Amino acid sequence: FDSPIIMTTNRVAAIFGMGRGISLAVARKYAQQGYDVALVGRTQDKLQKYHQDIQLESPSIKVESFLADLTDADALRAAIRSILEKFSKVDVSFTAPAVPLALISPAASLTPEKASPVIATIYHSALIIANELLPGMIERKEGSLIFGIGAGATAFVPGFSNIGPMHAALRNWVLTLRSEMGSKGIHVGLITIGVVILDSDAGVMGDKIIPAMVPRMQSSDIADRVWQNMTQRDAETEISRNRPHACCIEELGSNIAKRNGI
């Protein structure tokens with residue numbers, strides 16, 4: 001992953017928490033639009049494959065990979081600083097990290113120890129990304145920070161208490177940050193995903209436990225909406241064709257509980 005400093009006139013997109021679903025689709029979307037792309041992920045072999053695939057599909061742009069687990073604050077800061085050293089700037093960042101289903105917990109048994117890795121993955125990583133990228137964006141008076149969350153941020157699901165509250169906290173913070181950054185030329189956007197992403201690791205597992213009435217989508221369709229959120233400078237893009245009925249929510253909670261042996 002080591003290479004010289006890149007001299008480029010292209011805009012630069014940094015994609016955090018790389019996986020084979022939405023983050024890969026968003027990276028491809030920006031590469032297709034002529035952005036150089038910085039990929040941040042925790043698994044070197046997978047990261048290298050994503051790097052090679054994107055570079056092959058978009059040979060006219062630059063792709064660089066940076067190894068970091070979003071739960072490791074020091075490693076994440078170091079990766080972002082390496083990106084800024086390599087490209088000199090980041091024009092847009094996107095993060096929508098997946099949380100393993102094994103970390104999902106009912107509200108009654110949620111402990112600080114169980115919540116800690118989810119808080120680090122979803123909330124603390126977003127704060128670090130903003131802390132590191134905003135100074136340069138504010139100086140240039142332009143830039144975009146886009147964050148992806150689940151529909152549990154605004155609708156509770158029994159047995160699903162670990163992720164939803166963290167997404168709710170992130171949603172509040174993102175919309176507050178947006179209100180503060182608008183006058184500085186910075187776009188802060190939110191993507192609320194209320195569908196099963198079929199071609200993602202989480203989607204493959206989720207497709208087995210999430211009721212059929214919850215809509216399914218391909219990650220490329222969601223990437224198009226992420227691009228639209230940035231170009232139209234929307235506050236929040238909701239990706240859901242329908243709001244689940246009570247019976248659907250109960251079925252989902254029951255399925256999760258069974259899978260986790262609760």
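Residues numbered from 1 in each chain as written. Predicted model: local features only at pLDDT ≥ 70, side-chain atom pairs only at ≥ 80, totals over all residues. Heavy atoms only, no water.

Focus: the overall build of the chain
The number of helices and strands found in the chain is 8 helices and 9 strands. Here the chain holds 262 residues, and the buried ones make up 49% of them. Nonlocal contacts in the chain, meaning residues at least 24 apart in sequence, comprise 74% of its contacts between residues at least 6 apart. Total accessible area on the chain is roughly 12200 Å²; 53% of this is exposed by carbon and sulfur atoms. (Helix = DSSP H or I, 4+ residues; strand = E, 2+ residues; numbered from the N terminus. Buried < 20%, exposed > 50% of the residue type's maximum accessible area, 1.4 Å probe, protein only. Contact = heavy atoms within 4.5 Å. Areas by Shrake-Rupley, 256 points an atom, 1.4 Å probe, with all protein chains shown as cover.)

Focus on helix 7 (residues 219-232)
The first and last C-alpha atoms of helix 7 sit 20 Å apart over 14 residues, in line with the 20 Å expected at 1.5 Å per residue. Among all positions in helix 7, only Ser 219, Ile 222, Ala 223, Val 226, Trp 227, Asn 229 and Met 230 are buried. Down the axis of helix 7, the buried set is contained in an arc of 155°. They therefore lie on one face. Of the residues trailing helix 7, Arg 233 is marked for its positive phi of about 55°. (Expected span 1.5 Å × (residues − 1). Arc of directions from axis to C-beta.)

Some thoughts on the sheet that holds strand 2 (residues 36-41)
A sheet is described by the order of its strands in space; here 7 strands give the open sequence 3-2-1-4-5-6-9, paired in parallel fashion. Edge positions in the sheet fall to strand 3 (63-67) and strand 9 (236-239), since each has one partner strand and no second. This sheet shows a mean twist of 15° between the axes of neighbouring strands, independent of strand direction. Note that strand 1 (residues 12-16) and strand 2 share 5 bridges and pair parallel. When the bridges of strand 2 are listed, Val 12 appears paired with Asp 36. Docked against the sheet, helix 3 (residues 73-87) engages strand 1, strand 2 and strand 3, running at close to 155° with respect to strand 3. (Pairing = 2+ DSSP bridges. Axes fitted to C-alpha atoms, helices over the stretch in contact; angles between N-to-C directions.)

Remarks on the pattern of salt bridges
Tallying each qualifying case throughout the model produces 10 salt bridges. A salt bridge links Lys 49 to Asp 53; its shortest N-O distance comes to 2.8 Å. Of the two residues, Lys 49 and Asp 53 both sit in helix 2 (residues 44-57), 4 residues apart, roughly one turn of that helix. The exposure class assigned to Asp 53 is partly exposed, which follows from its relative accessible area of 21%. Note that Lys 89 and Asp 91 form a salt bridge whose closest N and O atoms lie 3.3 Å from each other. Here Lys 89 and Asp 91 have matching classes, each one buried. When salt bridges that share partners are traced, they join Arg 11, Lys 89, Asp 91 and Glu 142 into one network. (Salt bridge = Lys/Arg side-chain N within 4 Å of Asp/Glu carboxyl O.)

Observations regarding the pairing of strand 4 (residues 92-95)
Both faces of strand 4 are covered, namely the face carrying Val 92 and Phe 94 and the face carrying Ser 93 and Thr 95. Bridging between strand 1 and strand 4 involves 4 bridges; their strand directions are parallel. By the bridge assignment, Ile 15 is partnered in strand 4 with Phe 94. Running through helix 4 (residues 112-140), the crossover from strand 4 to the neighbouring parallel element strand 5 (residues 143-150) is right-handed. (Right-handed = clockwise from strand over helix to strand, strands pointing away.)

Brief notes about the nonpolar core
Counting residues in each nonpolar core, the largest one holds 40 residues, and the members touching the most others are Phe 16, Ile 83, Leu 145, Phe 147, Trp 173 and Leu 177. Secondary structure elements with two or more residues in this core: strand 1, strand 2, helix 3, helix 4, strand 5, helix 5 (163-181) and strand 6 (186-193). The biggest single contributor to this core is helix 4, with 9 residues. Not counting the four nearest positions on each side in its chain, Trp 173 is found in contact with Tyr 123, Ala 126, Leu 127, Ala 130 and Phe 147. (Core = buried A, V, L, I, M, F, W, Y, C linked by side-chain atoms within 4.5 Å.)

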